[in-house]
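So the chains spell out like this:
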Amino acid sequence: MARQIFSAVGQAKLMNRYYDLFRSHGIACGQVLTTKSSLELPQHYENQKGCIESLLSCGIIPIVNENDTISITELMFTDNDELSGWMAEMMSCDMLIILSNIDGVYDGDPSSTSSRLIREVLPGYDDMSGYIKDEKSSYGRGGMHTKCGVACKVAEGGMPVVIANGKRDDVILRVVDCDESLPCTRFLPAGR
């Protein structure tokens, strides 16, 4: 029950932070809470999709998060990367950008000078296990293993995916603009 209590308090603080950040740019945002089990029900899925479409049509940025106050461990998303994959597919997005604390997927330990960044992952290639350790940052539930699993699945469905370092300046704009100087890993989409 402690996780639910912390989530209830944390969700309010998180949305206040998002509200302040977006408002400083003259942008409205709204909160959309979901659960994995509700997205598996067709009517709930369509209701959520309709809600997000309505927010976007009104110029409101939806902040989608798992409703941790009612999610139970067995039915939770692995992490926000998995949730982002569901949302990107639901909304038929042009691209999914997954931010990390490193530049992308490396062919070895990212902290080793001998490791190199993998710049592209071809469609259908989903065995990244030789490159990825099952380590997580101190801030998340998932890690690079989950990020790559989501990226491979979404790319296999025909959507390009990029894993990039969220600490880099203008990273999202640079990904969208296909800035070749940005170190990142691009998962090329199948069937495009």
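Our subject in this report is the structure included herewith.

Bringing the nonpolar core into the picture now. Counting 18 residues, the largest nonpolar core has Leu96, Val105, Cys148, Val161, Ile163 and Phe187 as its most contacted members. When contributions to this core are tallied by element, the ones reaching two or more residues are strand S3 (96-100), helix H5 (144-156) and strand S5 (161-165). Broken down by element, the residue count for this core peaks at seven residues, all from H5. Contacts of valine 161, omitting those with residues within four sequence positions, involve Leu96, Ile98, Ala151, Val154, Ala155, Thr185, Arg186 and Phe187. Judged by nonpolar contacts, the second largest core, of eight residues, contains Leu39, Leu55, Phe77 and Met87.

Right, let's get into the pattern of salt bridges. For the structure shown, the criterion picks out six salt bridges. Across the pair lysine 153 and glutamate 89 runs a salt bridge whose closest N-O atoms are separated by 2.9 Å. Taken together, the residues span a long stretch of sequence, with lysine 153 in helix H5 and glutamate 89 in helix H4 (residues 80-90) at a distance of 64 residues. On the basis of relative accessibility, which here comes to 51%, the residue lysine 153 falls in the exposed class. Given a relative accessible area of 30%, glutamate 89 falls into the partly exposed group. Linking aspartate 179 and arginine 174 is a salt bridge whose minimum nitrogen-to-oxygen distance equals 2.8 Å. A relative accessible area of 25% places aspartate 179 in the partly exposed class.

In this section: the sheet that holds S5. The sheet built from four strands is open, its strands ordered S3-S5-S6-S4 with mixed pairing. The sheet is open, and its two edges are formed by S3 and strand S4 (120-121), each paired on a single side. The pairing of S5 with strand S6 (residues 184-187) spans four bridges and is classified as antiparallel. Paired with valine 161 across the strands is phenylalanine 187, a residue of S6. Here H5 sits on the sheet in contact with S3, S5 and S6, set at roughly 170° to S3.

A separate point is H4. Those residues of H4 lying buried are Asp81, Glu82, Leu83, Gly85, Met87, Ala88 and Met90. Lining the buried residues of H4 we find strand S1 (28-34), helix H2 (36-39), helix H3 (42-57), strand S2 (60-66), S3 and H5. With a side-chain oxygen positioned 2.9 Å from the backbone nitrogen of aspartate 81, the residue opening H4 is aspartate 79. Looking at the residues trailing H4, positive phi occurs at serine 92, about 50°.

Reading guide: rules and limits
Residue positions are given per chain, counting from 1 as you read along its sequence in written order. Reporting of local features is limited, given that this is a predicted model, to residues whose pLDDT is at least 70; pairs of side-chain atoms are given and counted only at 80 or more, and all residues count toward the totals for whole chains, interfaces and linings. With hydrogens and water set aside, each side-chain value is computed from the structure's full complement of heavy atoms. Here, the term nonpolar core denotes a set of buried Ala, Val, Leu, Ile, Met, Phe, Trp, Tyr and Cys residues that are joined through side-chain atoms within 4.5 Å. Note on classification: 1.4 Å probe, protein chains only; a residue is buried when its accessible area is under 20% of the maximum for its type, exposed when over 50%, partly exposed between these limits. The way it works is that DSSP assigns letters per residue, a run of H or I at least four long becomes a helix, a run of E at least two long becomes a strand, and they are numbered from the N terminus. Working rule for contacts: check all heavy atoms of both residues, and any pair within 4.5 Å makes them a contact. We count a salt bridge whenever a side-chain nitrogen from Lys or Arg sits within 4 Å of a carboxyl oxygen from Asp or Glu. Pairing between strands is defined by DSSP: at least two bridges between them are needed. Axes here refer to lines fitted to C-alpha atoms; in helices the fit is confined to the stretch in contact. Angles between the N-to-C directions go from 0 to 180 degrees. The term polar contact refers here to a pair of N or O atoms within 3.5 Å; inside protein, the definition further demands a hydrogen-donor-capable atom paired with an acceptor-capable atom, and it admits residues adjacent in sequence only when both atoms are side-chain atoms.

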